[in-house]
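A look at the structure
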Amino acid sequence: MLEALTTELVSSRADMAALKAFKDQLSVDQLTTIRQVEVDVGRQHHASTAELDSLRSAHDRARSDWEIERMKHKRELLELREDLHLARDDLGRERETSAALKKAMVEQANQHLTLETQVAALRAQGHGLQEEIRARESRVSEYEMMLEQAKKVIQEREQELREAEGLRRKLHNTVMELKGNIRVFCRVRPILPDKRAAHERQNEETMAMIGFPGKESKEIVLSQSSETATGGSREAVMPFSFDRVFQPQASQAEVFEEISQLAQSCTDGYNVCIFGYGQTSSGKTYTMEGGTSDSAAGMIPRAVKQIFEVTEELASKGWTYKMEGQFLEIYNETINDLLGVGELDKKKHEIKHEKNGRTTVTDVVILPLESASQVRNLLMRAQSRRTVHATLMNERSSRSHSVFTLRVSGNNPLTGESCEGCLNLVDLAGSERLATSGAANDKDRLKETQAINKSLSALGDVIAALGEKSAAEKGHVPYRNSKLTYLLQNSLSGNSKTLMVLNLSPLAAHLNESLCSLRFATKVNNTQIGTARKQQARISA
Ligand SMILES: Nc1ncnc2c1ncn2[C@@H]1O[C@H](COP(=O)(O)OP(=O)(O)OP(=O)(O)O)[C@@H](O)[C@H]1O
């Protein structure tokens, strides 16, 4: 190893020596030149490197600018593609629109043509119509002339009609006077068909013997058999005659037919008073107020309906009417307002007779009536008020008088007339005597019965006094003896027309009561009240 190294060392020393010799051989100039070349080459190398770097960075910038530019162009291309797409869509739509418009244009052109044809036809028609209008205009002026003439005729006829109406009123009053200003009708009710009256059917054989002789429906005959002292039987026949007698089958309409003229007098300015008289359950309320169906409607709704109809007819003759209603009850000599509120028998009402012949009662409800149908509600209102209190007093309605008053005032600016009439429809309390009503042992019933008897006999006395005295002598008529007669004073005088409807039960059990009622009614029937006076005034111009 050492030998190898030594050899190698020797070889290296030989190389070194050779190199040294070469070095020594090179001249200094050549060395300088070489060194100069070496420096130049280094400089060039350096400049080339700098240039290369500058070129590289320019290349990088150019490349990045190019990249930016390329991206920009790419975006623009995308946008252009998008725009192109939209433009294509738009174009498609525009094409469709254009096609539709073209189609519409074609259609409109067709329509235009049709319209032009129609316009031409209408123009031709217009010419025809103008011709017709001219012809009609000349006819209208002819008609106008005829209308003027007809108006004159109508005015003449209206004047004649007014004069005829005045004459009708006078004649109507004369007829009523001839019939007597106090009249009495008698009505026998039928046997009741419903369950409530089962006892009536069971006892049919005990029906009173009532006959209706004569064809004029003015007679009624009651027969009663009794045992004689010798054990035989004796039949008493008691005939009565009135202005009209209605048999059990008579309808409400038939009864009203007889009353209607009387009720109508009230629109002519008269005071009218219609009484329902008779014992309990003889049919007074049925006659006056009636049932719920139209055919069962009683005298109050029928009279009011008729008065409304008459006032409507008279409107064509220049009359205008105002109507108002009140509904009172007289119970134990106390006046109650059946249309009011609050407890019955509590409020104090006073009767006042005014100088103009009008009777008023303080603090009572007076309802203006604009249609006949309102009366049904008014009756129901009064009925429900009575019913509420009847629960305490039991069947109060049969033991009180009810007075429905319809005041009718009218005026006629054409004739300068005005008038005020009053229709009183009175449902009197049951007329039965004390023993029959079973009241003798009951203090309240006794008081009620005494009050009823007092007022009914006061009514009889007033009517008798009116009958007994001549018109000149009528100084004292005992109106003040009862609330009923005092309230009806103006309707029970020479200034009024009075009708009493005597209601009778058909039962034998009620025969004695029926006889008493018939006697009372006969007394009334024989009375002449005098001549009714119309309540009228001239309207000052
Ligand atoms: N003409 C008639 N036709 C049919 N039903 C009648 C007739 N008259 C009376 N009625 C019926 O007889 C019953 C007694 O009549 P209503 O109540 O009218 O007697 P009223 O004399 O008023 O009795 P009250 O004095 O007790 O009030 C009622 O059920 C009534 O519907």
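Because the structure is a prediction, the values reported are computed rather than measured.

Around the ligand, the structure places 14 residues, and the nearest of them are Ser281, Lys284, Thr285, Tyr286 and Ser398. A distance of 2.8 Å is found between an oxygen atom of the ligand and a backbone nitrogen or oxygen belonging to serine 281. Protein contact buries 80% of the 620 Å² of open area that the ligand shows by itself. Here the shell around the ligand gets three residues from one element, more than from any other, and that element is helix α5 (residues 284-288).

Taken across its 11 residues, strand β13 (residues 417-427) has nine buried, putting it largely inside the fold. Pairing analysis gives six bridges linking strand β6 (residues 271-277) to β13, with the strands arranged parallel. Opposite phenylalanine 275, over in β13, you have valine 426 as the bridge partner. As paired strands, strand β12 (residues 401-412) and β13 are joined by 11 bridges and run antiparallel to one another. What sits directly across from leucine 406, in β13, is leucine 423. The hairpin turn running from β12 into β13, its antiparallel successor, is four residues long, and glycine 416 in that turn takes a positive phi close to 75 degrees.

Looking now at the packing of aromatic side chains. The geometry of an aromatic ring pair is captured by two quantities: the separation of the ring centres and the angle between the planes. By the definition in use, this model includes four aromatic pairs. Between the aromatic rings of tyrosine 277 and phenylalanine 520, the centroid separation amounts to 4.5 Å while the plane-to-plane angle is 20 degrees, which identifies the pairing as stacked. Within this pair, whereas tyrosine 277 is found in strand β6, its partner phenylalanine 520 is found in helix α11 (residues 511-525), the two being separated by 243 residues in sequence. A relative accessible area of 6% places tyrosine 277 in the buried class. Arranged with centres 5.8 Å apart and planes meeting at 20 degrees, the rings of tryptophan 319 and tyrosine 321 form a pair that is stacked.

The next subject is the UniProt feature "binding site: ATP" (unreviewed entry) in the chain. UniProt's feature table lists "binding site: ATP" (unreviewed entry) at Gly278, Gln279, Thr280, Ser281, Ser282, Gly283, Lys284 and Thr285, given in the numbering used throughout. Turning to its location among the elements, serine 281 is positioned in the loop between β6 and α5. Judged by relative accessible area, which is 45%, serine 281 ranks as partly exposed. Topologically, serine 282 is positioned in the loop between β6 and α5. Judged by relative accessible area, which is 0%, serine 282 ranks as buried. Not counting chain neighbours up to four residues away, the residues in contact with serine 282 comprise Arg189, Asn503, Leu504 and Ser505.

Our next topic: the side chain of serine 505. You can see serine 505 is positioned in the loop between β14 (496-504) and α11. For serine 505, the side chain forms a polar contact with the main-chain nitrogen of leucine 507, separated by 3.2 Å. In terms of polar contacts, serine 505 uses its side chain to reach the side chain of histidine 510, at 2.6 Å. Those residues within four positions of serine 505 in sequence are excluded, and the remaining contacts are Arg189, Ile210, Gln279, Ser282, His510 and Ser514.

Quick notes on the rules
- Residues numbered from 1 in each chain as written.
- Predicted model: local features only at pLDDT ≥ 70, side-chain atom pairs only at ≥ 80, totals over all residues.
- Heavy atoms only, no water.
- Near = heavy atom within 4 Å.
- Polar contact = N/O pair within 3.5 Å; in protein donor to acceptor, adjacent residues only side chain to side chain.
- Areas by Shrake-Rupley, 256 points an atom, 1.4 Å probe, with all protein chains shown as cover.
- Helix = DSSP H or I, 4+ residues; strand = E, 2+ residues; numbered from the N terminus.
- Buried < 20%, exposed > 50% of the residue type's maximum accessible area, 1.4 Å probe, protein only.
- Pairing = 2+ DSSP bridges.
- Phe/Tyr/Trp six-rings, centres within 6.5 Å; stacked < 30°, edge-to-face > 60°.
- UniProt positions renumbered as here; feature names shortened; annotations may be inferred.
- Contact = heavy atoms within 4.5 Å.

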